[in-house]
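Below are the chains, spelled out letter by letter.
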Amino acid sequence: MRALRILLLFGLFVFTANSYAANTWTGYKHITKIETGASGGFLITFDTSISSACSNSSSDDRLYIYANQNSVTADGLKALLATTLSAFNAGKEINVLYDNSSSRCYGTAITVSN
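Residues numbered from 1 in each chain as written. Predicted model: local features only at pLDDT ≥ 70, side-chain atom pairs only at ≥ 80, totals over all residues. Heavy atoms only, no water.

Asker: Talk me through the overall build of the protein; I want residue IDs and the actual numbers.
Answerer: Scanning the protein from N- to C-terminus turns up 2 helices and 6 strands. Overall, the protein shows an N-to-C arrangement of helices and strands of α-β-β-β-β-α-β-β. The buried share among the 114 residues of the protein stands at 32%. Contacts in the protein between residues far apart in sequence, at least 24 positions, make up 55% of those at least 6 positions apart. (Helix = DSSP H or I, 4+ residues; strand = E, 2+ residues; numbered from the N terminus. Buried < 20%, exposed > 50% of the residue type's maximum accessible area, 1.4 Å probe, protein only. Contact = heavy atoms within 4.5 Å.)

Given below as structure tokens:
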């Protein structure tokens, strides 16, 4: 019975860990360009590489932030764009939580360095 409990707990841990394994942080990076799209989403280009997983257009220095991708809502998208634009205008670096299981590396959260 004890072995069964341990096995169940281990299985729960493994499945829970895997469900969050795709999101990772970029590390603080300098923004070189922000592109907005007609759908309301935007693309952030950094001064250095993010990950080889983010090579959607032969470049691994950019990621996308779109509503309905990686748990971003329409209101969340507006907040993330405002944060990105503010950081860019202030010359601050940002750290983005993104999904590295997609070649577009959809972002979901942003922190700004001081």
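There's plenty left to go through after this.
Asker: Before we move on, could you go through helix α2 (residues 74-90) and cite the residues and values that matter?
Answerer: The terminal C-alpha atoms of α2, which comprises 17 residues, lie 25 Å apart, in line with the 24 Å expected from a rise of 1.5 Å per residue. Of the positions making up α2, those classed as buried are L77, L80, L81, T84 and A87. Viewed along the axis of α2, the buried residues span an arc of 130°, placing them on a single side of the element. What points out from α2, more than 90 degrees from its buried face, is the exposed set D75, K78, N89 and A90. Buried residues belonging to α2 abut β2 (31-36), β3 (42-46), β4 (62-65), β5 (94-99) and β6 (107-112). Positive backbone phi, approximately 70°, marks G91, located one or two places after α2. (Expected span 1.5 Å × (residues − 1). Arc of directions from axis to C-beta.)

Asker: Kindly report on the sheet that holds strand β1 (residues 23-25), identifying the contributing residues and their values.
Answerer: Ordered by their spatial adjacency, 3 strands build an open sheet running β1-β5-β6, and the pairing between neighbours is antiparallel. Taken across any chain shown, the strands that pair with only one partner, and hence form the sheet edges, are β1 and β6. Within the sheet, the average angular offset between the axes of one strand and its neighbour, ignoring direction, is 15°. Sheet analysis places β1 next to β5, joined by 3 bridges and oriented antiparallel. Note that in β5 the partner of W25 across the bridge is L97. Docked against the sheet, α2 engages β5 and β6, running at close to 35° with respect to β6. (Pairing = 2+ DSSP bridges. Axes fitted to C-alpha atoms, helices over the stretch in contact; angles between N-to-C directions.)

Asker: I'd like a description of the pattern of salt bridges, backed by residues and values.
Answerer: The tally for this structure, following the rule as stated, stands at 3 salt bridges. For the salt bridge of D61 with R62, the shortest nitrogen-to-oxygen distance reads 3.8 Å. For the salt bridge of D75 with K78, the shortest nitrogen-to-oxygen distance reads 4.0 Å. Taken together, the positions of D75 and K78, both in helix α2 and 3 residues apart, correspond to about one turn of that helix. Judged by its relative accessible area of 57%, D75 falls in the exposed class. Look at K78 and you get exposed, because its relative accessible area is 59%. (Salt bridge = Lys/Arg side-chain N within 4 Å of Asp/Glu carboxyl O.)

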